[in-house]
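If you want the building blocks of each chain, they are given just below.
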Amino acid sequence: MESCRALGLVLSLCVLSVSLALGAGRDVPVKRYVVNLDAAPEEHFVPMCQDPDIQALIPMLRKDAKDMITSLVPEEVLPLVDVLTADLDQYLPQPFAGEMRGIANCTGIDLGEIVILNLAYDLTAFCTSIVAQDDKGTIWHGRNLDYGFGDFLRNITVMVDFQTKGQTLYTSTSYLGYVGALTGQRPNKFTITVDERNQGAWWMNALEALLNRKASLVSFLVRETLAEADSYDAAIQKLAYTQLIAPVYFIVGGANVAEGAVITRDRESALDIWMMNPAQGRWFVLETNYDHWTEPPADDNRRMPATKAMNATGQAGINASSMFQVLSVPHVLNKGTTYTAIMSAAQPQVYNTWVRWPEGQASAQSP
């Protein structure tokens, strides 16, 4: 969890007194934005940047960003970051390079620092994700996303509708300044969440892979899949076999019966694809941050209480509200939980995200 604490230290500069959530001490829906994919990439996130609360913080952001990020990144990595940002379009695909450049221009934060923040988000999330099928065949997908220093991140959690020609192509839950996607839905097709998988010395591995142009950022692949894959099966294939900068878990839900899977990835390819199989009694799959065929450590066993809550709920009882309650049981919901998202690809209007304030943990409010 040290990486999470370091990430929180860095990201504290980006939030401080910003309050995009509707209030503290309870579970609240997050603010929602539209990204117009028909605009130039540099313009995609400008509406967020122009939010009055963010504008008020820009002078402080400019002053503190460099010192805070320098405290996180190993000194030996900085030359690689300089190489990456010097020719960003060579190493990162569009629209991501342009979007990062637009955020840097709008906030005045150095482009290299924006890149580092996006890498840190990409590789240090602790999470719980569940895909389940109810007794009528509807697929439900829920997730908690946990980070260190959650009080800061809760204030910059947003939902983003990515639109083209005025229609939503896909939606994600994210943090301001982050161009990737760790939680997302393509309406009537599939849903995706990302859970971190231990990757060791990730800074050097990640940057070397990017500079060699051999691999994708995890969150970039999720956005590309949301934008390009036209079916659950196509999403599974793309997520399972595209080379990545780091190991990860992809949890995928579909719009049809029995469409649910946990993809355990190393950098090269899928190690395992664990499919939901309601016909054989496996009506849900559940992933935290450990391979499902191994026992989680005793000091981070979110799997056991979540599984117990799912079994107590039962297939006939699972829905958006009860999934939220499962994700609210102690340990599954914890002091690091920044948000809970509930999705159902076949019912895209269900997708919503709630900031989870610690004061609300004792008596979670159902959506």
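Below, the structure is looked at part by part. Only a predicted model underlies this, so the values are computations on that prediction, with no experimental measurement involved. (Residues numbered from 1 in each chain as written. Predicted model: local features only at pLDDT ≥ 70, side-chain atom pairs only at ≥ 80, totals over all residues. Heavy atoms only, no water.)

On to the side chain of Asp27. Note that Asp27 resides in the loop between α1 (2–11) and β1 (28–29). For Asp27, a relative accessible area of 10% corresponds to the buried category. Of the polar contacts made by the side chain of Asp27, one reaches the side chain of Arg356; its length is 2.9 Å. (Helix = DSSP H or I, 4+ residues; strand = E, 2+ residues; numbered from the N terminus. Buried < 20%, exposed > 50% of the residue type's maximum accessible area, 1.4 Å probe, protein only. Polar contact = N/O pair within 3.5 Å; in protein donor to acceptor, adjacent residues only side chain to side chain.)

Let's shift gears to the packing of aromatic side chains. What the rule picks out here adds up to 7 aromatic pairs. Relative to Phe284, the ring of Trp283 has its centre 4.8 Å away and its plane inclined at 75°; by these criteria the two rings are edge-to-face. With relative accessibility at 12%, the residue Phe284 sits in the buried group. Here the aromatic rings of Phe324 and Trp354 are separated by 5.3 Å at their centres, their planes lie at 75°, and the arrangement is edge-to-face. One end of the pair, Phe324, is in helix α13 (residues 320–326); the other, Trp354, is in strand β14 (residues 352–355), with 30 residues separating them in the sequence. As far as the burial class goes, Phe324 and Trp354 line up, both buried. Following the ring pairs from residue to residue traces out a cluster consisting of Phe45, Phe162 and Tyr170. (Phe/Tyr/Trp six-rings, centres within 6.5 Å; stacked < 30°, edge-to-face > 60°.)

Attention now moves to the state of the cysteines. Taken as a whole and assessed by the stated rule, the structure comprises 1 disulfide. In this model, Cys49 is linked to Cys106 through a disulfide, with the two sulfur atoms separated by 1.8 Å. Of note, the bridge from Cys49 to Cys106 carries an S-S torsion of about -105° and is left-handed in sense. Of this pair, Cys49 sits in helix α2 (residues 46–49) while Cys106 sits in helix α6 (residues 96–107); the two residues are 57 residues apart in sequence, bridging distant segments of the chain. Like Cys106, Cys49 is buried. (Disulfide = S-S within 2.5 Å.)

As a further point, take helix α10 (residues 218–228). Buried residues dominate α10, accounting for 8 of its 11 residues. Looking at α10, one finds that the buried residues are Val218, Ser219, Phe220, Leu221, Val222, Arg223, Thr225 and Leu226.

As a further point, take the sheet that holds strand β13 (residues 337–343). In spatial order, the strands read β1-β14-β13-β4-β3-β12; together these 6 strands make up an open sheet with antiparallel pairing. Since the sheet does not close on itself, it has two edges, and those belong to β1 and β12 (284–287), each with one partner. Two strands pair when backbone bridges link them, and β13 and β14 are joined in this way by 4 bridges, in the antiparallel orientation. Across the sheet, residue Ile342 finds its bridge partner in β14, namely Asn352. Against the sheet, helix α12 (residues 303–313) makes contact with β3 (126–133) and β12, and its axis sits at roughly 160° relative to β12, the strand it touches most. (Pairing = 2+ DSSP bridges. Contact = heavy atoms within 4.5 Å. Axes fitted to C-alpha atoms, helices over the stretch in contact; angles between N-to-C directions.)

A word on the pairing of β3. For a regular strand, side-chain orientation follows a simple rule: the groups alternate between the two sheet faces. In terms of burial, β3 is largely enclosed, as 8 of its 8 residues are buried. Here β3 shows a buried face lined by Phe126, Thr128, Ile130 and Ala132 and a second buried face lined by Cys127, Ser129, Val131 and Gln133. Note that β3 and strand β4 (residues 139–146) share 8 bridges and pair antiparallel. Considered in β4, the bridge of Ser129 is made with Arg143.

A word on the packing of α6 against α10. Two elements in contact, α6 and α10, have axes whose closest approach is 12 Å; the angle formed by their N-to-C orientations is 115°. Classified by the angle between their axes, α6 and α10 sit roughly perpendicular to one another. Each of Phe96, Glu99 and Met100 in α6 lies in contact with α10, whose residues at this interface are Phe220, Arg223 and Glu224. (Parallel < 35°, antiparallel > 145°, perpendicular 65-115°, else oblique.)

For strand β10 (residues 260–265) and strand β11 (residues 270–275), the ladder comprises 5 bridges, and the chain directions are antiparallel. Paired with Val262 across the two strands is Trp274, which belongs to β11. Hairpin connection, β10 to β11: the antiparallel pair is bridged by 4 residues.

Before going further, it helps to examine the pattern of salt bridges. A full pass over the atoms with the stated rule returns 11 salt bridges. With a shortest N-O distance of 2.7 Å, Glu99 and Arg223 are connected by a salt bridge. Placement of the pair is Glu99 in helix α6 and Arg223 in helix α10, with a sequence separation of 124 residues. The two residues Glu99 and Arg223 agree in class, both being buried. (Salt bridge = Lys/Arg side-chain N within 4 Å of Asp/Glu carboxyl O.)

For the rest of this paragraph, the subject is the sheet that holds β10. Pairing is mixed in the open sheet, where 8 strands are placed in the order β2-β5-β6-β7-β8-β9-β10-β11. What marks the edges here is a single partner per strand, and that holds for β2 (31–36) and β11. With direction set aside, neighbouring strand axes in the sheet form an average angle of 20°. Looking at chain direction, strand β7 (residues 183–186) and strand β8 (residues 190–196) are connected through 4 bridges and run antiparallel. Along β8, the bridge assignment pairs Arg186 with Phe190.

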